Amino acid sequence: MWPAPEPDCWLHPAVEVKPSLIAGEGLFARAPISAGATVSRLGGRLVSDRELTGLLADSSAYVDTINVDEDVHLVLPPGRPNGKGNHGCDPNLWWGAPYTLLARRDIEAGEELTNDYATSTAADDFTMPCRCGATRCRGLVTGHDWTRLDLRQRYGDHWTPALLNRIHRRS
C-alpha cells in the first residue's frame, strides 16, 4: 500500500488546461517537458469501495478517482486541473512514485498530456469508448485491460498499486 496522499494536488508549472480534441478539456504542455519529469501529483482522500459507490451515487458532480489498492481509492479534491488529464492508448505520462504521473518520454510544447486509464482502474463495469487518435488506439478502454499482455509489457511497473499487485499475482 502506498502512503497517505497529500491533501491537495500539484501540477508542473509548464502545464495548462485547454480545449481538447480527445474530450472536453485536457492538459497541455506549454513548454517542453523532459522524459522522467514529474508532471502531476495527485492528492485528496482515500475511500473504500463502499464510500466511493456512495459518492458516485449521491453526487451530481463528476468525481475524479483512481484505484490505489484493493478496496482503496483516491478521490481528488473537486475542480483541480489534474483531473482534466485525458486518456490516451499510447500515453506520454505513466505512474511513478506514489500518486505521481511522470513524463514517459520527452514531451513537446503544445502536446496534450495523456495517461492510459487502464493503468489506474480495474472496475469490472468500467468501459469507455476511446477517441484518442493514437495508432495503437484500442477503441474501448475497460476495467479488464490490465490483463492484456501487450499493455503489461508496454508499461512494466508503471501502474497504480492495486493493478500492479494483481499483475504480480497473475505472473
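Here, residues in each chain are numbered from 1, in the same order as that chain's written sequence. At least 70 in pLDDT is required for a residue's local features to be given in this predicted model, at least 80 for side-chain atom pairs to be given and counted, and no such filter applies to totals for whole chains, interfaces and linings, which use all residues. Only heavy atoms go into the side-chain values, all of them from the structure, while hydrogens and water stay out.

Under an unreviewed UniProt entry, the name given to the protein chain is SET domain-containing protein-lysine N-methyltransferase, and the source organism is Paractinoplanes pyxinae.

Student: Which parts of the structure should I look at to understand unusual backbone geometry?
Tutor: Most peptide bonds take the trans configuration, and most residues that are not glycine carry a negative phi. For Asp-71, which is not glycine, the phi dihedral falls at a positive 60°. Runs of H or I in DSSP of at least four residues are treated as helices and runs of E of at least two as strands, each being numbered from the N terminus. Along the chain, Asp-71 turns up in the loop between β6 (65–69) and β7 (72–75).

Student: Is there a simple way to think about the pairing of strand β11 (residues 112–115) in this case?
Tutor: The side chains of a regular strand alternate, first on one face of the sheet and then on the other. Between buried and exposed lies partly exposed: a residue is buried under 20% and exposed over 50% of the maximum accessible area for its type, with that area taken using a 1.4 Å probe on protein chains only. Here β11 shows a buried face lined by Glu-112 and Thr-114 and a second buried face lined by Leu-113 and Asn-115. Two strands are counted as paired when DSSP detects at least two bridges linking them. Taken together, the two bridges between strand β3 (residues 25–29) and β11 define a ladder with antiparallel strand orientation. From the neighbouring strand, Phe-28 faces β11, where its bridge partner is Glu-112. Judged from the two bridges that link them, strand β8 (residues 86–87) and β11 form a sheet pairing that is parallel. Bridge pairing links His-87 to Asn-115 in β11.

Student: Which parts of the structure should I look at to understand the sheet that holds β6?
Tutor: Within a sheet, adjacent strands bond to each other through the backbone by hydrogen bonds, running parallel or antiparallel. Strands sit in the order β5-β7-β6 across an open sheet of three strands; the sheet is antiparallel. Two strands in the sheet have a free side with no partner beyond their single neighbour: β5 (45–47) and β6. Strand-to-strand twist in this sheet, taken as the mean axis angle between neighbours without regard to direction, amounts to 35°. Inspection of the sheet shows β6 paired to β7 by four bridges, in the antiparallel sense. For every element, the axis is a line fit to its C-alpha atoms; helices are fit only across the contacting stretch, and the angle between N-to-C directions ranges from 0 to 180 degrees.

Student: What's the story with the environment of Arg-45 in this structure? I'm lost.
Tutor: Relative to the elements of secondary structure, Arg-45 occurs in strand β5. What makes Arg-45 partly exposed here is its relative accessible area of 44%. When the C-alpha atoms of Arg-45 and Pro-5 are compared, they prove to be 6.9 Å apart, with 40 residues separating the residues in sequence. In this analysis, two residues are considered to be in contact whenever any of their non-hydrogen atoms come within 4.5 Å of each other. In contact with Arg-45, other than residues within four places in its own chain, are Leu-55, His-73, Leu-74 and Val-75.

Student: Looking at this structure, how should I read the environment of Arg-152?
Tutor: As for its position among the elements, Arg-152 is in helix α2 (residues 149–155). For Arg-152, the contacting residues outside a window of four places in its chain are Trp-146, Thr-147, Trp-159, Ile-167 and Arg-170.

Student: Can you walk me through the sheet that holds strand β9 (residues 93–95) in this structure?
Tutor: Spatially, β1-β4-β10-β9 is the arrangement adopted by the four strands of the open sheet, whose pairing is antiparallel. On the outer flanks of this sheet lie β1 (10–11) and β9, each paired with one strand and no other. Bridging between strand β4 (residues 38–41) and strand β10 (residues 100–103) involves three bridges; their strand directions are antiparallel. Within β10, the residue paired with Thr-38 across the bridge is Leu-102.

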